[in-house]
Each structure stands twice: as C-alpha cells, then as structure tokens.
Amino acid sequence: MEGDYMASDRVIAELVGMGFEFSNVTEAVKAVGPSMDSALEYILNDTRRKSDGASSSTCLAGSTKSLRRRSLSSSQSLGKLRQPSIMEHLQSGCRPKWRKITTESAASVPLSTTLEGSTESFPFVNVNSNPASTPETSSLYTDYKDVEDLGSDWEQKSQDILNKHFGYLSLKTFQKEALSAWFMYKDCLVLAATGSGKSLCFQIPALLTGKVVVVISPLISLMHDQCLKLAKHGISACFLGSGQIDRSVEQKAMNGMYSIVYVCPETVVRLIKPLQNLAEGRGIALFAIDEVHCVSKWGHDFRPDYRRLSILRETFRADNLKFLKFDIPLMALTATATVCVRDDILKSLCMSKETKIILTSFFRPNLRFSVKHSRTSSSYSYEKDFHELVATYTKEKSSGKANLVHNDHEDVHSIVNTLSVDSMSEPVPDAIDYDSLSESDDETGMSLECSSATPKEKKLSVEYLEDERDDILDVDDLDVSCGEFHGQSPFKSSIGCESPEPYDLHSGPEERLKLQSRTRDEGPTIIYVPTRKETLSIAKFLSKFGVKAAAYNAKLPKSHLRQVHREFHENTLQVVVATVAFGMGIDKSNVRRIIHYGWPQSLEAYYQEAGRAGRDGKVADCVLYANLLRIPTLLPSQRSEEQTKQAYKMLSDCFRYGMRTSSCRAKTLVEYFGEKFNQEKCFLCDVCVKGPPAVENLRSEVMIFMQAIASYYGEKGFPNISCDAGIIQNSVRQRRCTEKPNLKTLISRIREQHLEFTLRDLSWWRGLARVLEDKGFIREGDDMTRVQIKYPEPTEMGLELLRSEDKPFYIYPETDMLLAKEDRKPYSSFTEWGKGWADPEIRRQRLERMRSRGKPKKRKSRKHKPDMKTVRGRLAAKLSKKTAY
Ligand SMILES: Nc1ncnc2c1ncn2[C@@H]1O[C@H](COP(=O)(O)OP(=O)(O)OP(=O)(O)O)[C@@H](O)[C@H]1O
Ligand SMILES: [Mg+2]
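Only a predicted model underlies this, so the values are computations on that prediction, with no experimental measurement involved.

**Describing the site of ligand 1**
Piece 1. Around ligand 1, the surrounding shell holds 21 residues, and the nearest of these are Q175, G195, K198, S199 and R615.
Piece 2. In the model, a nitrogen atom of ligand 1 is placed 2.9 Å from a nitrogen or oxygen of the S170 main chain.
Piece 3. Between K198 and ligand 1, the recorded distance is 2.7 Å, taken from a side-chain N or O atom to an oxygen atom.
Piece 4. Across the complex, the protein chains shield 94% of the 650 Å² of accessible surface that ligand 1 would expose by itself.
Piece 5. Across the shell around ligand 1, the residue classes tally to 6 nonpolar, 9 polar and 6 charged.

**Considering the confidence of the model for the chain**
Piece 1. Overall, the prediction assigns the chain a mean pLDDT of 72, with 65% of residues at 70 or greater.
Piece 2. The lowest-confidence element of the chain is helix α7 (residues 135-138), averaging 26 in pLDDT; the highest-confidence one is strand β16 (residues 593-597), averaging 97.
Piece 3. Long-range and interchain partners of residues 51-150, a stretch whose pLDDT sits below 50, account for 186 contacts in this model, where long-range means more than four residues apart.
Piece 4. The low-confidence segment residues 717-737, where pLDDT is below 50, has 39 contacts with residues more than four positions distant or belonging to other chains.
Piece 5. Confidence metrics for the complex model read pTM 0.67 and ipTM 0.99.

**Points about the pairing of strand β5 (residues 284-289)**
Piece 1. In terms of residue burial, β5 counts as a mostly covered element, since 6 of its 6 residues are buried.
Piece 2. Note that strand β2 (residues 212-216) and β5 share 5 bridges and pair parallel. By the bridge assignment, V212 is partnered in β5 with I284.
Piece 3. Where β5 meets strand β6 (residues 330-334), 3 bridges bridge the pair, whose relative direction is parallel.

**Here's the deal with the sheet that holds strand β3 (residues 237-240)**
Piece 1. With respect to topology, 8 strands assemble into an open sheet ordered β7-β1-β6-β5-β2-β4-β3-β12, the strand pairing being mixed. The open sheet has two edge strands, β7 (356-359) and β12 (482-485), and neither has a second partner. Neighbour to neighbour, the strand axes of the sheet diverge by 15 degrees on average, direction disregarded.
Piece 2. Together, β1 (188-191), β5, β6 and β7 form the strand contacts of helix α10 (residues 173-183), whose direction differs from that of β7 by roughly 170 degrees.

**Regarding the packing of helix α24 (residues 603-610) against helix α26 (residues 665-672)**
Piece 1. At a closest axis distance of 10 Å, the pairing of α24 and α26 adopts a crossing angle of 120 degrees. It follows from the interaxial angle that α24 and α26 lie oblique. Read as a crossing pair, α24 and α26 show a hand that is left-handed. Judged by residue contacts, L603, E604, Y606 and Y607 of α24 engage L669, V670 and Y672 from α26.
Piece 2. Its residues placed into classes, the contact of α24 with α26 shows 6 nonpolar, no polar and 1 charged.

**Quick notes on the environment of E354**
Piece 1. Among the secondary structure elements, E354 is positioned in the loop between α18 (339-348) and β7.
Piece 2. For the pair E354 and D187, spaced 167 residues apart in sequence, the C-alpha separation works out to 7.2 Å.

**Some words on the side chain of S374**
Piece 1. Note on placement: S374 falls in the loop between β8 (367-373) and α19 (379-398).
Piece 2. Those residues within four positions of S374 in sequence are excluded, and the remaining contacts are S381, D385, Y597, Y625, A626 and N627.

The rules behind these values
- Residues numbered from 1 in each chain as written.
- Chains lettered and ligands numbered in written order.
- Predicted model: local features only at pLDDT ≥ 70, side-chain atom pairs only at ≥ 80, totals over all residues.
- Heavy atoms only, no water.
- Near = heavy atom within 4 Å.
- Polar contact = N/O pair within 3.5 Å; in protein donor to acceptor, adjacent residues only side chain to side chain.
- Areas by Shrake-Rupley, 256 points an atom, 1.4 Å probe, with all protein chains shown as cover.
- Nonpolar A, V, L, I, M, F, W, Y, C, P; charged D, E, K, R; others polar.
- pLDDT = per-residue confidence, 0-100.
- Helix = DSSP H or I, 4+ residues; strand = E, 2+ residues; numbered from the N terminus.
- Contact = heavy atoms within 4.5 Å.
- Buried < 20%, exposed > 50% of the residue type's maximum accessible area, 1.4 Å probe, protein only.
- Pairing = 2+ DSSP bridges.
- Axes fitted to C-alpha atoms, helices over the stretch in contact; angles between N-to-C directions.
- Parallel < 35°, antiparallel > 145°, perpendicular 65-115°, else oblique.
- Left-handed = near helix turned anticlockwise from the far one by under 90°.

Laid out in structure tokens, this is it:
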C-alpha cells in the first residue's frame, strides 16, 4: 500500500513536471494506477473525449485564465495528492494544517513571481502563493496552544513515519528533543555523536508537515549521498551546489517539488527571495544547518560562507514576513563542537535567545581507539603497518569470497532518476589502476599517464604528487552541481527492525570486556593521510598486493572521485585512501576501520573522521599511526595570526591525545568536547586493554629540570634557586639569566652536566616537559602557541615544587618517554663529539678551538647515483649533466 502511494506520488510528480494539469493527472492515476504510460494515455484520451475542448488540460502554455484555474484546482489538493502517504498521518486536528485557499486568493496568484521560465513547466508553481491573503487564511499553523495540546500525537506520528520510511522502531531521545523544539518553533542546536542519527531530526519535519525542509550542507558529495538515501526511503529530495549551469532543478526546488532541498551556503544566500516565495507557497517547515561547526573559526573546518547564514534567522521571522505567524525554526547540527565553538555558532547565526541546546553523549561505545608509533613515511613503514590489513582482504579473496561484504545497497543508478550533472556527459573513467601510473618523461619534463582516464584527464601531472594537503574544500567537490531524486518505495526489509545499537552506552564492564575479543566483521576501511601524495602512494602500495584500493583527494579528476564514492557505497572497494576531502557526513554503516596514517590536525577532525566507523553498531577500529617521536607540524594553509594560534592549540591537543598512556582514549575524546565521561573507562581502547605503564618516581629528574629552568629566573626574587645551581657556567651567567631558556638548550646542558642522565634522550625530556606543563608546573614563556613548549617558564606552582621537601614525584611516563627508553642509545641524537652543540656558548667555544687548530678536513662528499626509475632521479641526472658541461 505504501509502495503504491509512493509510486503514485512519483508518477504524479513526473506528469505535473511535464506540464499536465494536476487534477487531470491525479484523476488519471486514480483510474489506471501508478503507471506512467497508462496514465499518460488516459489523460490524452480523456482530453480528446472532452467535447468542451478544455485544452488547458494538456496545454503547457495556456491563457492566464486557464493557468489560474489550473493553479486553483491543484492548490486545492496539492497537499493531499502530493504527499498522500504523509498526509495520511496528519489527522485534521494535527498541528500543521494546509492553508485553506479561497477562490479569490488562488485566483490572485501572481504568475510573474515564478522563477524565470518555470511557469509553464511547473503549472502548480505558486499555487499556494498568496500575498493577498489575510493572516487567518494564510496561517499555516494552528495556535501555539494547539501545538502543546497535540504533543503526544505528533510524537506518535513521528514514530509512524520512522517505521514506515526508515524502518526503525523508535526515535532516540535526542531526536525527540530536537523534534519537540522544532514543534515549539524554537531554534535548536543539536550536538550529537557522529552517526547518531542527526539527519532524521530535520528529515521527519518534512514528512510530518508536507512542507519543505531546506538543509544547508557544506559539500556536494555529502548532499548527494543524503539525497540518495532519502530516495531509497521514499522521500523526494534534491541538492543545489554553487556552480550550476542548468538551473532547472533549482527552479523546481523553489517551486516546492521536493520535500527536502539540500543547498550549499553560497546558494542559499543567493536564493533568499525565491525561498521567501517557497515559504509563502508550499511552506518551509525548517532550515537545518548541518555540519554547523563550519561556522566557527575555532572549529576544524571553517568555511567563511557559513557565517553568512545569519541571513536566514534575520529574514524568516514572523515580524519580517507578514505571511508567517511564527519564525521558521533553525536547527543547527554537528558532532564536533567544543564549548567555544558552540558559543560562536549561536552568535554567528544570530540564533534566538531561546535556542534549545540538545547535547547528547559524544561517546561511541563500539569504537576501539588505539594509537601506534610509525614513521609513516616509506614503503618500509607501509609494509610494517599494513601487512595485517592486506592479509585481511587478500585472505578473503583466496577463500573464494566474491565480495568483501554482503551488498546491502541497491544499485545506485536505479535510484537516481535524474542526476542533473552539468558535466554529466563526461564519461566516467574506469578505476584508476595505480600500477599503470607509469612515469614517463615528456617534453615538458614529467608527466604521469593514467591509462584509464579520459583524454581530458589523461595527464595526472606531477602536481598531484606534490606534498600538499587538501585544505579548504570546494563546495562542489564532485563534478555534479545539482541533482534530483524522486522517492522510491521505502525499503521494506528492515521495517520494524531494531535500532542498530547493539552496544549499549550503559552496558556494564563485563559486557564491554566481552567486546574486546569480538572479531571484526569484514567491511571497508578508510585510511586518512595528511597529503595528496600519500593517497596515491598508499593506494598504489595496497593495490600491488591485490587489495581493491582507491585514492581520493581533491585534485584527482572529479569523475574519478564520483566513481570512488559510488564504488565505496556499493561495497566494491575495500580501502579508500583519502585526504580530509573524503567523507564529511559519510553514512555507510559497515565501515570497519578508520586508520589515520599521520597526525590529524585536530581532535575535532579526528573524532569526526573516526566516527565514520561502525555505524552499524558493531565493533570497529580507529587506529592512529603517527611518529610519536616527532612533534607534529601544521600543514600549510592560509591562516590569520589568530587562526594560526588556534590551529596550534588544536594540533597540540591532538598530540597530547597520542602521547597519553594512562587515560582511556574514549574518555579523553569525549571530555575534549566538554562532556563528563560517566564511566571510568571504555574497556576497548589500547589504554584500557593494555593498562597504563608502571608509574615512575621521577623526583630527581623533575628537580634537575625545574632547577635548570628556574636558574634563569633566579634574579626574579627566588633566592633558593639561583644561577649557582651548577647548571650555568659563571662566564655566561649574566647574559644567560636575561635570556629565555630554550628547552633544547636546557636539556643538552642537563645531559652534559649530569652524567646519570646522559642516556636520557631528548624526546624523553620533551615528554617530561609536557607532563610538567599539563600539571601546571611550567608554562610557555613566549607569546607563541606551540604544539610543545619551547621556552619553559616556571609557574608559582613550579617554584613551590622546588621549595618543597623531598617527596616522591610519581608519573605515568608518556609514549614518547617510553619509546625513548626502548630505543636507548647513548646520545641517540648527538654523537659524543656533538654533545653540547645546541648550546650557543659551547658551540662558540668549540668553533674557536677548531679555528685555532686550523681548518677541519673537508668530508668526502658521498655522491648518490641518481635512480633512473624515478622522476626525481631522472631530473637530477639531467641537471647534473647540464652542470657538467
Ligand atoms: N532512531 C533511530 N534508530 C535507528 N537508527 C537510526 C535512528 N536514527 C538514525 N538512525 C540511523 O543512523 C545512521 C546515521 O545517521 P546520520 O547520518 O543521520 O548520522 P549523523 O548523526 O548525521 O552523523 P554525522 O555526524 O557523521 O553526520 C543512519 O543510517 C540512520 O538511518
Ligand atoms: Mg550528519
């Protein structure tokens, strides 16, 4: 039955889209059923049958009068006929009422208000558009009171919609809260974990009311995926990017053809006027701003266009638009916003003072977080780090399994009725075969040929191999600029199925311990890397071993990117190696592993990307491989001074997360977002499973270190600790005391003067400095924000510590400290001769000594033979030839 309704909806929409009169179309569908051909034949025969020659029935361009009539007839039944399955849920007493259109008001529809060229193609355009109507007749809603009275009723209807369209049994608590805020016309900010189901909060209002929901979203790929899903659930939707050439989908959207309109921020700002018409016509139930952290400069994915969205709150207010009785609510949603980002969102979007903030737990109980040390730089590291992954996927192949995972998705193409792709005519290339990326010298120097690409895309120039990060992403990240999706029958298989949350947030330690040993169901992996170059090299590496892997970065041909998206969703790809360009909001249920290969730039980005794993509720792994002995650096990007500071702060938090050995990873992550983690630990992460390392009493190291720092500040009134502490040679004392001590210098001096610590590596001391900073004993003495302290300065607490009596100082050594111990070599980073070179004074003395002894022997330069197999090698050979002449 439901399927019939949806099929009828679709046939009606298509015939109306072709220009047939709405009443005739519905009559035909009623008579012959939801068959396009039969309905068409019925209408045409019917027209011929009719002796009064009412040609307007099939006429696209009738007289104004006939168009007005058409408007009237369609307006009278628009809500019922365009959304029969939805309106079925709405009893007469329900809150959102379709506006009663009087003959006069309908007749007064100004045809000129339709979008350019759309009047004839969409005769039901503006049927509800009624600027002349009184507030009473144009009221879309009943009174506030009625809303409150109907509280339980709307909730039941929402549940019904959830069952029928999405196949889930019940709404989650936060979804109910968001819907209830919307129902009260309140703005709301929803902060809920990745994959928790935020989209339903704004999708259900469209189905409840039959009005349009406008969703602002930052990326085409994200909008595309969501529309595709909605179509599967029987809901018509479209998306509008910024670079549309063909505006027909946009026009249809503004005429109320789709229940849900996804639009990028630039476009929504351009469409303010047509949106006002839409609000007056079919009605806009809600503006949803998805991935709203993009508003904030303090977040990890700032997009300046998001800040312009304050225009929505300013425009769609009842005191600004006469036909509105209440403000159209704003719903802002994100999975990753720290407290300061939240404040910024509320302010920047001018959200109302009564905005409801819905905060759910960020905790994802089925994600197994871990951090591993790796150089992540060469095929040697790849072999070491990915052998397990390769084994997982290739083992499957050899055991005869055709596909990595069961195909739980329908054929994408059967759902996309029309994909208005400005560049759609462009052929989609086959998957890039990384083995066939052969390097060859050409006239201009270097080019890489991709055998399977179209001629236009053939040259994967060396630009793709640059060590660049994908920074601010283009909204139009795919080669489709807009697309429309008509709702199919909602999927039946899972109707009434359980919510996919087998692992309860509140399950006890024993149940959670069992999850530790649970083997992963197989499913795809996403490997996030910081640079474009690495997407190619790792994908190529994995492909060599027979893994179905593809690279994804913003500079690859867009048709390739579209193909990767499609194959990923169809489960034909096993691994996607991507930059941050892949996947904001990707909702694929069975992703089993998210590997970060290299430091992410922030914990926000990390948690959001990791959150793409295990959306089916089953255990999934989130592994971070990073060089834990090196301080991470910011990837190049355009930033203001203020933004640079913030970026360092975020990178520093991320670095600390990686270094920690004693606190549960999940706890660290959720607490980062300002949530109090109610459990002691998650029982799944590497720290919970392995347990913290043994505590160490580092009293003597700490005291030496603190003294070394404090000695510089000796003349600031701390008599106990002066430059006489034996750390600084008298000859340079005066000058040293006025300079800021550099951490490296301090450490090299400690190692020089305290023989018992000569074996302590620099990274060990850095780790100790970080621990002392976190505990509040030292702070950065410079204005710059850094990932790791550079000019340590003692705090009051630090000085207190120095004055305190000889008490033990226990700490859990952090990862770099443990690694440095493991890797203990005398002067691992300094030779005996090199010891002390970091100190300018020692350096000066030695250089003087060397000078007095005469010129040192020049070292024989080791000449490398250029490797002719690589582009770089060939270039080097060419250059050396040139210089030889
Ligand atoms: N009440 C529910 N019961 C069961 N499953 C649900 C429910 N609500 C949503 N889901 C499912 O949860 C999955 C994730 O939903 P969605 O994409 O909305 O997540 P999200 O919170 O927007 O994640 P992200 O932060 O990554 O954008 C979807 O497959 C959705 O169908
Ligand atoms: Mg989402």
